[in-house]
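Examination of the molecular architecture
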Amino acid sequence: MASGFSLKDQLFNAGKTRYLAGLFAGADAGFDAERFEAQVMARLPELELKERITWIAEVLAGQLPDALPEAAPVILRALPPTLDPAKTDDDFGDFIFAPLGELVAAHAMEDHPELGLDLLEEITQRFSMEWAVRPFLNRWPELTLARMEAWAGHKNYHVRRLVSEGTRPRLPWGQAVGLAPGEALPLLDRLHGDSTRYVTRSVANHLNDITKKNPDLVLDRLSAWRAAGRQDKGELDWMAAHALRRLVKAGHPGAMTMLGFDPEAPVEAAVEIAGEARIGGALEFAVTLDAPQRQPVLVDYIIHFQRPGGKVSPKVHKLKQAVINGAPLTLKKKHKLKGDATTFRLVPGAHRLELQVNGRICAAAEFDLLG
């Protein structure tokens with residue numbers, strides 16, 4: 001990411017604020033666009049990203065009727081056309097509409113939950129309402145899950161994705177929900193055969209969340225979906241790999257088997273480190289794999305990094321998915337050792353490199369990381 005880049009300024013700024021003000025001024029003759037812009041921008045620069053969403057929602061609410069039934073028609077008229085229905089992926093929408101979800105959740109929760117869900121259904125076709133729907137799941141779980149059952153068959157794929165993404169057990173930035181892990185699986189049963197990658201990626205991410213607490217539940221569901229045959233085999237294979245990525249890193253035997261890799265395969269492995277490993281440089285190493293017969297392999301490598309205070313932090317990295325087929329397989333890797341990373345500071349000293357093949361540690365080598 002370029003130095004000085006600010007995500008909050010890219011997503012919420014004077015231009016975006018003016019755009020939103022223009023939409024509401026066009027929807028309500030009494031809406032004061034200039035006052036809205038001035039109020040928002042008076043505080044926006046000092047706020048962090050999520051605080052900006054809340055602030056814009058508060059300022060917007062100040063110019064709308066207090067009662068949601070009176071405010072709802074204005075919100076609907078202010079919405080731009082839906083996102084392109086011809087696309088099937090990578091069309092999250094414009095973050096400037098995130099405050100609308102927060103506004104709706106705040107004003108619908110006690111007295112107008114059904115109207116609030118109606119509004120989220122419309123807004124999510126312009127910007128994903130995955131965060132805004134979660135308070136409804138907590139306050140009105142039966143009502144919201146029943147609505148999601150209908151949404152799972154919606155003609156717009158953004159609404160279908162909201163069903164999976166909004167119920168994820170570990171949604172980034174999202175409020176925790178009281179659903180038990182797997183409680184939304186009947187909804188995913190309907191969604192896993194979707195024709196859009198935007199939806200199937202969400203389903204896979206949802207399953208990946210569940211693997212943290214119940215791996216077997218996910219493996220059983222993927223097996224059932226394979227047997228059902230409702231999804232294209234290639235797409236379901238992709239979904240399985242994406243859903244099991246946490247388990248793959250952990251070397252889970254059931255996940256390996258599900259993906260077609262034998263965790264007990266008789267693979268001989270060796271790893272050799274080339275040259276010095278220095279902060280700001282790279283760790284270079286070569287791997288040799290051999291097997292007595294044709295053998296698909298999923299190869300990861302684990303670096304056990306020294307941490308301040310003497311602790312060790314293992315980090316798993318992908319190396320190669322390949323096939324050993326009658327001859328030794330040689331793989332080479334150059335792992336960059338960034339000295340200016342802000343999220344993970346490297347510490348000089350003794351380190352360990354391990355090779356993980358089909359989930360099993362097969363070889364290791366020690367090295368000193370130089371400062």
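Above this text you will find the structure in question.
Per-chain numbering applies: the sequence of each chain, read as written, is numbered from 1 onward. Totals for whole chains, interfaces and linings use every residue, but because this is a predicted model, local features are given only for residues with pLDDT of at least 70 and side-chain atom pairs only at 80 or more, for both listing and counting. Side-chain metrics in this entry use all non-hydrogen atoms of the structure; hydrogen atoms and water are not considered.

1. Section: the overall build of the chain
The helix and strand inventory of the chain stands at 16 helices and eight strands. Counting only C-alpha atoms, the chain reaches 75 × 50 × 35 Å along its principal axes. Using a 1.4 Å probe on the protein chains alone, a residue whose accessible area is under 20% of its type maximum counts as buried, one over 50% counts as exposed, and one in between counts as partly exposed. For the chain, with 371 residues in total, the buried portion stands at 48%. Whether two residues are in contact is decided by their heavy atoms: any pair within 4.5 Å suffices. Of all intrachain contacts in the chain linking residues separated by at least 6 positions in sequence, the fraction that spans at least 24 positions is 69%. All accessible areas in this document rest on Shrake-Rupley with a 1.4 Å probe, and a residue is counted as covered only by the protein chains that are shown. Of the roughly 17,700 Å² that the chain leaves accessible, carbon and sulfur atoms contribute 51%. Starting at the N terminus, helices and strands are each numbered in turn, a helix being any DSSP run of H or I of at least four residues and a strand any DSSP run of E of at least two.

2. Section: the sheet that holds strand β8 (residues 360-370)
Criterion used throughout: strands pair if DSSP finds at least two bridges between them. Pairing in this open sheet of five strands is mixed, and the strands run β2-β8-β7-β4-β5 from one edge to the other. At either end of the open sheet lies a strand with only one pairing partner, and these are β2 (277-278) and β5 (312-324). As judged from the two bridges shared by β2 and β8, these two strands associate in the parallel manner. When the bridges of β8 are listed, Ala 277 appears paired with Leu 369.

3. Concerning the packing of aromatic side chains
A pair of aromatic rings is counted whenever rings of Phe, Tyr or Trp (Trp by its six-membered ring) have centres within 6.5 Å, and the orientation is called stacked for planes under 30 degrees apart, edge-to-face for over 60 and tilted otherwise. Counted according to the given criterion, the structure contains 15 aromatic pairs. When the ring of Phe 285 is compared with that of Tyr 301, the centres are 5.1 Å apart and the planes differ by 65°; the resulting orientation is edge-to-face. Of this pair, Phe 285 sits in strand β3 (residues 282-290) while Tyr 301 is found in strand β4 (residues 295-306), placing the two residues 16 residues apart along the sequence. Overall, Tyr 301 belongs to the buried group, its relative accessible area being 2%.

4. Focus on helix α3 (residues 33-43)
Among all positions in α3, only Ala 33, Phe 36, Glu 37 and Val 40 are buried. Viewed end-on, α3 has its buried residues packed into an arc of 95°, placing them on one side of the element. Facing away from the buried surface of α3 by more than 90 degrees, the exposed residues are Glu 34 and Ala 42. On its buried side, α3 packs onto α2 (14-27) and α4 (49-61). With a side-chain oxygen lying 3.3 Å from the backbone nitrogen of Glu 34, the N-terminal cap of α3 falls on Asp 32. The arc in question is traced by the directions running from the helix axis to the C-beta atoms. Between N or O atoms, a polar contact is any pair within 3.5 Å; within protein, one atom must be a potential hydrogen donor and the other a potential acceptor, and residues adjacent in sequence are included only when both atoms are from side chains.

5. Topic: the environment of Phe 97
Checked against the element boundaries, Phe 97 lands in the loop between α5 (68-78) and α6 (98-108). Taking the relative accessible area as the measure of exposure, Phe 97 reaches 3% and is therefore buried. The spacing of Phe 97 and Val 159 is 62 residues in sequence and 15 Å in space, taken between C-alpha atoms. In contact with Phe 97, other than residues within four places in its own chain, are Tyr 19, Leu 20, Leu 23, Pro 80, Ile 123, Arg 126, Phe 127 and Met 129.

6. Some thoughts on the sheet that holds strand β6 (residues 329-336)
What the three strands build is an open sheet, ordered β1-β3-β6; its pairing is antiparallel. Edge strands, defined here as strands with exactly one partner in the open sheet, are β1 (268-274) and β6. Mean inter-strand twist for the sheet, computed between neighbouring axes without regard to direction, equals 20°. In the sheet, β1 pairs with β3 via seven bridges, with the strands oriented antiparallel. Of the residues in β3, the one forming a bridge with Ala 270 is Thr 288. Here an angle of 0 to 180 degrees is reported between the N-to-C directions of two axes, which are lines fitted to C-alpha atoms, with helices fitted over the stretch in contact.

7. A closer look at the packing of helix α12 (residues 197-211) against helix α14 (residues 233-243)
Between α12 and α14, the least distance of the axes is 8 Å, while the angle of their chain directions is 35°. Along this stretch, α12 crosses α14, giving a crossing that reads as right-handed. Counting all contacts with α12, which are made through Arg 197, Thr 200, Arg 201, Val 203, Ala 204, Asn 205, Leu 207, Asn 208 and Thr 211, the residues of α14 involved are Glu 235, Trp 238, Met 239, His 242 and Ala 243. When grouped by side-chain class, the residues that make up the contact of α12 with α14 number six nonpolar, five polar and three charged. Left-handed is the label given to a crossing in which the near helix is rotated counterclockwise from the far helix by less than a right angle, and right-handed is the label when the rotation is clockwise. Only Asp, Glu, Lys and Arg are considered charged, only Ala, Val, Leu, Ile, Met, Phe, Trp, Tyr, Cys and Pro nonpolar, and every remaining residue, Gly among them, polar.

8. Focus on the side chain of Arg 52
Locating Arg 52 in the fold gives a position in helix α4. Its relative accessible area of 1% is what places Arg 52 among the buried residues. Engagement of the side chain of Arg 52 in a polar contact is seen with the backbone oxygen of Phe 12, the distance being 3.0 Å. Dropping the residues within four chain positions of it, Arg 52 is found in contact with Lys 8, Asp 9, Phe 12, Leu 44, Pro 45 and Leu 47.

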